[in-house]
Amino acid sequence: MFLLQAVLVALLAVAAVIALVLQVRRDGTEEARRRTLSVAQTFANAPGTAAALDSPDPTAALQPRAEAVREAADVAFVVVSDTQGIRYTHPDPDLIGKRVLGPYEKVVQGTPLTTELDASVGPAVDSTVPVFRDDGSVAGIVAVEITLGDINQSVGRQIPVILGGTAGGLVFALGGSALVNRRLSRQTRGLGPAEMTRMYVHHDAVLHAVREGVLIVDGKGRLVLANDEARRLLGLPADVEERPVAECGLRSRIAELLESGRPTTDEVVPVGERLLAVNVRVTGDRGGPPGAVATLRDTTELAAVIGRAEAVRERLLLLYEAGKMIGSTLDVTTTAEELTRVATPRFSDFATVDLALSVFRGDEPRESDGTVVQVRRAAVAGLRDDHPLHPPGRVTGTVPTSPGSLGDGERHSLPDADVETVLGRYGQDPAHAERIIEYGFHSVLAVPLHARGVVLGLVNFWRSENPAAFDADDEVFARELAARAAVCVDNARRYTREHQTAVTLQRSLLPSGLPEQDALDIAHRYVPAEAGVGGDWFDVIALPGTRVALVVGDVVGHGLHAAATMGRLRTAVQNFAALDLPADELLARLDELVSRLDQEGGADSAEIAGATCLYAIYDPVAGRCSLSRAGHPSPALVLPDGSVHFPGSPVGLPLGVGSGLPFEAVELDLPAGSRLVLYTDGLVETRGRDIDEGMELLRRSLARAGRTPEETCADVLATLPSRPSDDVALLVAGTRVLDPSRVSAWDVERDPAAVSRIRREVTDRLAEWGLDEAAFVTELILSELLTNAVRYGTDPVRVRLLHDRTLICEVSDGSSTAPHLRYAATTDEGGRGLFLVAQLADRWGTRYTETGKVIWSEQTRR
């Protein structure tokens, strides 16, 4: 009956869907004809359509309107063409200017036309109408098309309704069938004589075959049924049935439970050497005949099995927790401490970990080191702190370098075993061994720590409070625990080696000393990260004209690649600084270099993930600083009164981003006694602290007047955590200003006669400075440089003399053409001037300014 109803409902649903589809298709076609014709007539009769067709450029006037109408009316296209069928509008601009397809002659004569056609996207409806001028003539035609697929989408929205109705009918039919079946079963009980006989046979077979005792007591307290298992467990006689419970020879507690009339769940009753779990259920509570049913289950063996299963479960849980706890850091000592905390007290009362000395250094013990290596206590944990076990940090003995020499582990019971043999590995100290025995240690389990065929050390498990000695199962568990811990220790050891290598490389790439200069009083700090070195660096570069360049940068990432990339960038900055480039131009060239290095690296090489840099040039003569930033934090400026400012200099994108945007530079006036603080983001951005909080801490640590750069570094680093999560590079520069009395400048007319006058005044100034011995050489240098500027340069020509660590002579002019050193032939009349300058001066060079160039020379004061 149910199947018949389901088939009928399904047929009705299919018929409804088919009828709906046919109806919607017919209605959709009519809707498409009506909509396309309405849109076409509306567009054709719109004001300005006929005038646009007669304009010099109909496409420019009609294409935007046609596209707007197409999107608003949700049609496939709105095409406007002339009476010859040449398109003026179309969604595809490539088809504008081409002839339309299909008949349009009748429309040109003034009659609208609606047709159904098969387009490339499926069935469609097209309506074409004429566009009339005011005089009644046809100016053009408008065609509007819509696909029937867009119209028929409503069918898909109504199908779920039909299907939902079908499902509801099916559920209703199923519910009706179930109610009818239930009513019939209640009246006839659903069974005939044959079925009843078969059920009884099966019931009797199952009742006497189950491994669980069954007792049935009627409402008068008589035992009406006892299966074979119940007779065996209770030792009942064969004719026990139909007797009162009290006369069946049952245990008093079991008889009491059967006669009580109360339900009982898993009450354990001892019967001889067995433990029986008794369950009693009252049969009259749910409409059945009065009485009770009791089941008996032998739990003697089950208790033992459950105990073993619980122990196994506890060990598996402990291994799971060990996987989560051990190896949380890449530190050898911390990993050993985590192992001892996992083992105690759930497995052993005490635990110690001894590691080879080379493991602490990041190396691995090798057989070439000898047959045995010394081990040092890395961690110890236990129930109490008054134990006699050696503390961490002490050398406790030796272990073989070959994994086969240790075996899988050793178990010993104390003091039955030879104490000196058992404890000899743990200290070679008989007195110490006796203290261990006196403390109460009675069992020890030693398991080697080795990974990848390398012996790392030994883990010892001790028991004193727990009276059970370690057994074979404990040894298997200990080996599994030690194997997991050994992998973590080996990972930490290998990381330690890599970290030390990276730190060594990092420090070798950072400046080992600072250049001699009088413009700035400089202090610096570098703090490596807790998890590994990164790519932070700083540099101080002496520039011509007593100027000094300050550099701070940060390469994204950690490890050897970041350190090596930092070294390459630092070298590049030094080379670019030698060209005496402005700060913004230097960063632009450095950005181009990083992008080129990434392109030349190839698919197998690691790219420079990103780098930031801050480049500043301080001029002590003018007391000004020019700086430019590439994605780097703003420097801090501490004025002599202790106030702290973060100059709002423009920040460019990080190096290597490839945007091609220029960098900007900003000029800052720095009074003498100011402190310019350059740093990397690890100083202000740490784990658990955002950058705003870090900037405020930096401000407070700097806001003290009269502090030296060294004291400033100490104050700033005091705000850092003991183990920072990122590298920190810090550079503090205290500004000085060159004494104006040591600076002389002259404006020079572009007249060769002015050279001798300037030469005399320079000689007089050198005499005032007590540099008479340098006058002759300075005159020669000045004559050559100034003569070239007067003869070949442009206005303004200027001479400046600086008396600092060196004597600096600068000649500037407005020309951007720089002279070149060359060797003159014997017949040449010129070309020897710069050669003489290069021979007489310690250094010379050219730098370009916004208004021209400066040619300078330096002479060491002797």
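Residues numbered from 1 in each chain as written. Predicted model: local features only at pLDDT ≥ 70, side-chain atom pairs only at ≥ 80, totals over all residues. Heavy atoms only, no water.

1. As for the side chain of Asp 591
Where we set the bar: Strands are runs of DSSP state E lasting at least two residues, helices are runs of H or I lasting at least four, and both sets are numbered from the N terminus onward. Buried residues are those whose accessible area, probed at 1.4 Å on protein chains only, stays under 20% of the maximum for their type, while exposed residues exceed 50% and partly exposed ones sit between those limits. Two residue types count as positive, namely Lys and Arg, and two as negative, namely Asp and Glu; His and chain ends fall outside the count. Think of a salt bridge as a Lys or Arg side-chain nitrogen and an Asp or Glu carboxyl oxygen that are within 4 Å of each other. Counting of polar contacts relies on pairs of N or O atoms within 3.5 Å, with two restrictions inside protein: one atom must be capable of donating a hydrogen and the other of accepting it, and residues adjacent in sequence are counted only when both atoms are side-chain atoms. Whether two residues are in contact is decided by their heavy atoms, any of which lying within 4.5 Å being enough.
Structurally, Asp 591 can be placed in helix H18 (residues 583-600). Here Asp 591 occupies a buried position and makes no salt bridge, while the nearest side chain of opposite charge, Arg 596, is found at 9.9 Å. A polar contact of 2.7 Å, which involves the side chain of Asp 591, links it to the backbone nitrogen of Gly 656. Not counting the four nearest positions on each side in its chain, Asp 591 is found in contact with Pro 654, Leu 655, Gly 656, Val 657 and Phe 663.

2. Regarding unusual backbone geometry
Note the cis peptide between Thr 344 and Pro 345, where omega equals 0°. Tracing the chain through its elements places Pro 345 in the loop between helix H11 (332-343) and strand E11 (350-356). Cis peptide bonds are those with omega within 30 degrees of zero, and the linkage from Asp 795 to Pro 796 qualifies with 0°. Structurally, Pro 796 can be placed in the loop between helix H22 (775-792) and strand E29 (797-803).

3. What about a negative patch on the surface?
Going by this rule: Surface patches are drawn from residues lacking salt bridges whose relative accessible area is over 30%; two like charges belong together within 9 Å, two nonpolar side chains (Val, Leu, Ile, Met, Phe, Trp, Tyr) within 5 Å. Areas reported as accessible are Shrake-Rupley estimates using a 1.4 Å probe. Residue values count occlusion only from the protein chains shown. Think of each charge as sitting on NZ of Lys, CZ of Arg, CG of Asp or CD of Glu.
Taken together, Glu 685, Asp 690, Asp 692 and Glu 693 make up a surface patch of like negative charges. Along the chain, the position of Glu 693 falls in helix H19 (residues 691-702).

4. Thoughts on the pattern of salt bridges
Tallied over the entire structure, the rule returns 37 salt bridges. Arg 589 is the partner of Glu 585 in a salt bridge, and the nearest nitrogen-oxygen pair spans 3.4 Å. Residue Glu 585 and its partner Arg 589 are located together in helix H18, separated by four residues, close to a single helical turn. By sharing partners, the salt bridges in this structure join Arg 704, Arg 707, Glu 711 and Asp 715 into a single network.

5. Looking at the packing of helix H21 (residues 753-768) against H22
Packed helix pairs are characterised by how far apart their axes lie and by the angle those axes make with each other. Our working rule: Fitted lines through C-alpha atoms serve as axes, helices being fitted only where they are in contact, and the angles separating the N-to-C directions of these axes extend from 0 to 180 degrees. Crossing handedness: left-handed means the near helix sits turned counterclockwise from the far one by under a right angle, and right-handed means the same turn made clockwise. In this classification, Asp, Glu, Lys and Arg are treated as charged, Ala, Val, Leu, Ile, Met, Phe, Trp, Tyr, Cys and Pro as nonpolar, and every other residue, Gly included, as polar.
As a packed pair, H21 and H22 sit with axes 10 Å apart at the nearest point and diverge in direction by 150°. The interaxial crossing formed by H21 with H22 has right-handed handedness. Every residue of H22 that contacts H21 at Val 755, Ile 758, Arg 759, Val 762, Thr 763 and Leu 766 is listed here: Ala 775, Thr 778, Glu 779, Leu 782, Ser 783, Leu 786, Thr 787 and Val 790. By residue class, the composition of the contact of H21 with H22 is eight nonpolar, four polar and two charged.

6. Notes on the confidence of the model for the protein chain
What counts is decided by this rule: As a per-residue quantity, pLDDT reports the predictor's confidence and falls between 0 and 100.
Per-residue pLDDT for the protein chain has a mean of 80; in total, 81% of the residues score no lower than 70. Within the protein chain, strand E26 (residues 675-679) carries the highest mean pLDDT (95), whereas helix H14 (residues 419-423) carries the lowest (53). Counted against residues more than four places away or in other chains, residues 824-830, with its pLDDT under 50, gives seven contacts.

7. Observations concerning the packing of aromatic side chains
Rules: Here a pair means two rings of Phe, Tyr or Trp (six-membered ring of Trp) with centres within 6.5 Å. Their orientation is stacked below 30 degrees between planes, edge-to-face above 60, and tilted elsewhere.
Following the criterion strictly, the structure yields seven aromatic pairs and no others. Taken together, a centroid distance of 5.2 Å and an interplanar angle of 85° make the contact between Phe 347 and Phe 461 edge-to-face. Pair noted here: Phe 347 is in the loop between H11 and E11 and Phe 461 is in strand E16 (residues 454-463), with a separation of 114 residues, a long-range link. Given the relative accessible area of 2%, Phe 347 is considered buried. Between Phe 350 and Phe 441, the ring centres sit 5.2 Å apart and the planes meet at 75°, which makes this aromatic pair edge-to-face. Of the two residues, Phe 350 sits in strand E11 while Phe 441 sits in the loop between helix H15 (430-439) and strand E15 (443-451), which places them 91 residues apart along the sequence.

8. Describing the sheet that holds strand E32 (residues 852-860)
Counted only if it meets this: Paired strands, as defined in this entry, are two strands with at least two bridges between them according to DSSP.
Taken in spatial order, the five strands line up as E28-E29-E30-E32-E31 in an open sheet, and their pairing is antiparallel. Across the chains shown, the open sheet's two edge strands, defined by having one partner strand only, are strand E28 (743-748) and strand E31 (843-849). Neighbouring strand axes in the sheet, compared pairwise and without regard to direction, differ in orientation by 15° on average. Across seven bridges, E31 lies against E32 in antiparallel orientation. Across the sheet, the residue bridging to Arg 847 is Val 854, located in E32. Sheet strands in contact with H21 are E28, E29 and strand E30 (806-813), and its direction is about 170° off that of E28.

9. Brief notes about helix H17 (residues 560-578)
Defined as follows: A helix is expected to reach a length of 1.5 Å times the quantity of its residues less one.
The terminal C-alpha atoms of H17, which comprises 19 residues, lie 27 Å apart, in line with the 27 Å expected from a rise of 1.5 Å per residue. Taken together, the buried positions of H17 are occupied by Ala 562, Ala 563, Thr 565, Met 566, Gly 567, Leu 569, Arg 570, Ala 572, Val 573, Phe 576 and Ala 577. At the C-terminal side of H17, Asp 580 shows a positive phi close to 55°.

10. Structural notes on H21
We count it as follows: Directions drawn from the helix axis to the C-beta atoms are what define this arc.
Helix length check: H21 (16 residues) gives 24 Å between terminal C-alpha atoms against 22 Å at 1.5 Å per residue, within 8%. Within H21 the residues assigned to the buried category are Ala 754, Val 755, Ile 758, Val 762 and Leu 766. Seen from one end, H21 has its buried residues packed into an arc of 110°, which puts them on one side. Residues of H21 that are exposed and point more than 90 degrees away from the buried face comprise Arg 760 and Glu 768. Looking at the buried side of H21, the elements it contacts are E28, H22, E29 and E30. One or two steps after H21, the chain reaches Gly 770, where phi turns positive at roughly 75°.

11. Points about the environment of Gly 110
Turning to its location among the elements, Gly 110 is positioned in the loop between helix H4 (105-108) and strand E2 (113-119). Using a relative accessible area of 22% as the deciding quantity, one classes Gly 110 as partly exposed. Taking the C-alpha atoms as reference points, Gly 110 and Ser 137, separated by 27 residues in sequence, lie 8.5 Å from one another. Residues contacting Gly 110, with those up to four places away along its chain left out, are Pro 130, Phe 132 and Val 138.

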